[in-house]
There are 2 protein chains.
Amino acid sequence: MPKTKILIADDNRQITSVLGEYAKKEGYEVHTAADGGEALELFALLKPDIVLLDVMMPKTDGFEVCREIRKTSTVPVIMITARGEDFEKIMGLDIGADDYIVKPFSPGEVMARVRAVLRRIENANPQKAQTLVYGSLSVNLDDYSAAVGGENVPLTKKEIELLWTLAGNRNKVFSRDNLLNSLWGYDYFGDSRTVDSHIKRLRAKLDARSHPDWEIKTIWGVGYKFEGKSDET
Amino acid sequence: MPKTKILIADDNRQITSVLGEYAKKEGYEVHTAADGGEALELFALLKPDIVLLDVMMPKTDGFEVCREIRKTSTVPVIMITARGEDFEKIMGLDIGADDYIVKPFSPGEVMARVRAVLRRIENANPQKAQTLVYGSLSVNLDDYSAAVGGENVPLTKKEIELLWTLAGNRNKVFSRDNLLNSLWGYDYFGDSRTVDSHIKRLRAKLDARSHPDWEIKTIWGVGYKFEGKSDET
DNA sequence: CGCGTTCGCCACAAATTTGCCACACAGGGC
DNA sequence: GCCCTGTGTGGCAAATTTGTGGCGAACGCG
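Note that this is a predicted model, so its numbers are computed, not measured.

Cut-offs used in this document
- Residues numbered from 1 in each chain as written.
- Chains lettered and ligands numbered in written order.
- Predicted model: local features only at pLDDT ≥ 70, side-chain atom pairs only at ≥ 80, totals over all residues.
- Heavy atoms only, no water.
- Domains from an automatic or database assignment.
- Contact = heavy atoms within 4.5 Å.
- Buried area = accessible area lost by both parts, 1.4 Å probe.
- Salt bridge = Lys/Arg side-chain N within 4 Å of Asp/Glu carboxyl O.
- Polar contact = N/O pair within 3.5 Å; in protein donor to acceptor, adjacent residues only side chain to side chain.
- Helix = DSSP H or I, 4+ residues; strand = E, 2+ residues; numbered from the N terminus.
- Nonpolar A, V, L, I, M, F, W, Y, C, P; charged D, E, K, R; others polar.
- Core = buried A, V, L, I, M, F, W, Y, C linked by side-chain atoms within 4.5 Å.
- Buried < 20%, exposed > 50% of the residue type's maximum accessible area, 1.4 Å probe, protein only.
- Near = heavy atom within 4 Å.
- Axes fitted to C-alpha atoms, helices over the stretch in contact; angles between N-to-C directions.
- Parallel < 35°, antiparallel > 145°, perpendicular 65-115°, else oblique.
- Pairing = 2+ DSSP bridges.

Draft legend 1. Highlighting the domain arrangement of chain A. Once the domains are mapped, chain A shows domain 1 (5-122) and domain 2 (131-231). One C-alpha centre belongs to domain 1 of chain A, the other to domain 2 of chain A; they are set 36 Å apart.

Draft legend 2. A look at the interface of chain A and chain B. Between chain A and chain B, the residue contacts involve 26 residues of the former and 26 residues of the latter. With both chains or domains summed, chain A and chain B bury close to 2,400 Å², and 59% of this area falls on carbon and sulfur atoms. Taken together, the connections running from chain A to chain B amount to zero salt bridges. The interface formed by chain A and chain B contains five residue pairs in polar contact (both at pLDDT 80 or more). At the level of secondary structure, the elements contributing two or more residues to the side of chain A that touches chain B comprise helix H1 (13-25) and helix H5 (107-124) of chain A. A total of six residues in the side of chain A that touches chain B trace back to one element, the largest contributor, which is H1(A). Of the residues contributing to the side of chain A that touches chain B, the split by class is 13 nonpolar, eight polar and five charged.

Draft legend 3. Spotlight on the nonpolar core. Grouped together as the largest cluster of nonpolar side chains are 38 residues, with contacts concentrated most on Ile6(A), Val114(A), Ile6(B) and Val114(B). Ignoring sequence-local partners within four residues, the contact set of Ile6(A) consists of Ala23(A), Tyr28(A), Glu29(A), Val30(A), His31(A), Ile50(A), Leu52(A) and Val114(A). Counting residues in hydrophobic clusters, the runner-up holds 31 residues, among them Leu141(B), Trp184(B), Ile216(B) and Phe226(B).

Draft legend 4. Layout of the protein's contact with DNA strand C. In the vicinity of DNA strand C lie 23 residues, with Thr156(A), Ser197(A), Trp184(B), Ser197(B) and His198(B) positioned nearest. The sugar-phosphate backbone supplies 76% of the atoms of DNA strand C found within 4 Å of the protein. One of the side-chain nitrogen or oxygen atoms of Thr156(B) is found 2.5 Å away from a phosphate oxygen of DNA strand C. In the environment of DNA strand C, a base oxygen lies 3.1 Å from a nitrogen or oxygen atom belonging to the side chain of Arg201(B).

Draft legend 5. The packing of helix H7 (residues 176-184) of chain B against helix H8 (residues 193-206) of chain B, seen in detail. Residue and element names in this part refer to chain B. Running from amino to carboxyl end, H7 crosses H8 at an angle of 80°, the nearest separation of the two axes being 9 Å. Taken together, H7 and H8 sit at an angle that is classed as roughly perpendicular. Judged by residue contacts, Arg176, Leu179, Leu180 and Trp184 of H7 engage Thr194, Val195, Asp196 and His198 from H8. Residue classes in the contact of H7 with H8 are distributed as four nonpolar, two polar and two charged.

Draft legend 6. Inspection of the environment of Phe174(A) at higher detail. Residues and elements named next belong to chain A. By the element assignment, Phe174 lies in strand S10 (residues 174-175). Exposure remark for Phe174: the relative accessible area of 7% places this residue in the buried category. Residues Phe174 and Thr218, spaced 44 residues apart in sequence, show a C-alpha to C-alpha distance of 9.8 Å. Once residues within four sequence positions are removed from consideration, Phe174 is found in contact with Thr165, Leu166, Asn169, Leu179, Val222, Gly223 and Tyr224.

Draft legend 7. Region of the structure containing the pairing of strand S6 (residues 131-134) of chain B. Residue and element names in this part refer to chain B. The two faces of S6 differ: Leu132 and Tyr134 on one face are buried, but Thr131 and Val133 on the other face are not. Two elements, S6 and strand S7 (residues 137-140), share four bridges in a ladder whose sense is antiparallel. Pairing of Tyr134 across the sheet is with Leu137, part of S7. The turn joining S6 and S7, which pair antiparallel and follow one another in sequence, is formed by two residues; a positive phi near 55° is taken by Gly135.

Draft legend 8. Here's a closer look at the sheet that holds strand S12 (residues 223-228) of chain A. All names here are of chain A. Strands sit in the order S10-S12-S11 across an open sheet of three strands; the sheet is antiparallel. With partners counted over all chains shown, the strands left at the sheet margins are S10 and strand S11 (214-219), one partner each. Taken together, the six bridges between S11 and S12 define a ladder with antiparallel strand orientation. Each bridged residue has a counterpart across the sheet, and for Glu215 the counterpart in S12 is Glu227.

Draft legend 9. Region of interest: the sheet that holds strand S11 (residues 214-219) of chain B. Residues and elements named next belong to chain B. If you trace the three strands from one edge of the open sheet to the other, you get S10-S12-S11, paired in antiparallel fashion. Each having just a single partner strand, strand S10 (173-175) and S11 make up the two edges of the open sheet. Across this sheet, the average inter-strand angle for adjacent strands is 25°, counted without regard to direction. The strands touched by H7 within the sheet are S10 and strand S12 (223-228), with S10 carrying the most contacts at an inclination of about 80°. In this fold H8 packs onto S11 and S12, with an angle of close to 155° to the strand it touches most, S11.

Here it is as structure tokens:
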């Protein structure tokens, strides 16, 4: 899977730099533009997967850039503005941005929005089957179902997500905090023992059926992992 | 695994206190500073894993502290400020903070940001192999497992970490204090003979399987080392 | 607005690891 | 060989960490 391309346009080079660093570290391929004209050029050239646009830029401003982009593309666009006054304008149909962010922002917040928008787009294209199979286990994120040995096991949303995460990274140990971050979100603030509760319920349901080829194992003092016992791929 | 160290600098003792409590509850090792000078001192001394800096502090302000820190370190820094006006300055390259929080904040929000930044840093360094192989020995920190001659050897967390440290620095001698500092943390208060106990248990488990190509050796009057006997890389 | 689920969390029990002691033993200097 | 100091080791109780039953609160759904 090629990297997701992100185009960041802001005339403040410091801001593009900081956001760019963040984006790179999250695994995006980053390109930056310092004004509207450059942004449009790079857009045509690179076909990025998402665009971050500052509203205030010299010559061609963010509104204009977004409008231009929308003539040829439905690529997700997130606008950055100094204050909230432009809300209606930005989100309105004549501009058609997908989200907007008000300064001051934190880079983490921006990246969260980027992820959210990309996820939204992704979910709107239900092309690829979200199914995971390992031995006697199969987990399906499309319809949130799971089966052991061919027989359906009714699991709740959180249980499915937990199983999906663990089984999708076979043998990797997840700390409770890892799991809280992945499943509950980075801004969740609560008891990490909650993870134990879900593991408990998950095990109880799964163990109702036999599955000698794998198990959810506790790594004492560390966390949990999905351990496969055969040597399947 | 030693605790993550967090340094919180704010001249308002109520703020450091509340944030400190929250951070402790999340398992961080917390240190606080009441002004910029103290923050820099503690920073040099403790090498924290993340720093929370209030912009407004007596004498040396948060900007200055961050700039100083950046001269020697890329440790994540989160700045706290009263209002958004300093946004561009903080996020700019000449300061180089990693995130930005505006007062009033909720402690939960702050901790969420801390987690997010730490996670980002962590994810940005996926390069280091979490697997160590030397001859008949392999140690894996991803799944906290170890094997000798292909056969899995169940080890506890401390044993794995001890083995990882020793084997990862082949032929280097570690004093008991070295090991206490690395594995237990510099503030651990206890008997250094505890290390012997772990070496004992580690040897017992490892020696259950044959491994003629290496051994954990005692250097009399000094400490322990992992000695490789072949001339493998 | 009820009703059945799901979810987060608590409290207590169980399981496991860990730190340390005590004593035996080994190493090194004289 | 003798003594002093450092190390190996069995054992144990304390400290941690995890398993689990259960209970409201929140949620989702007619």
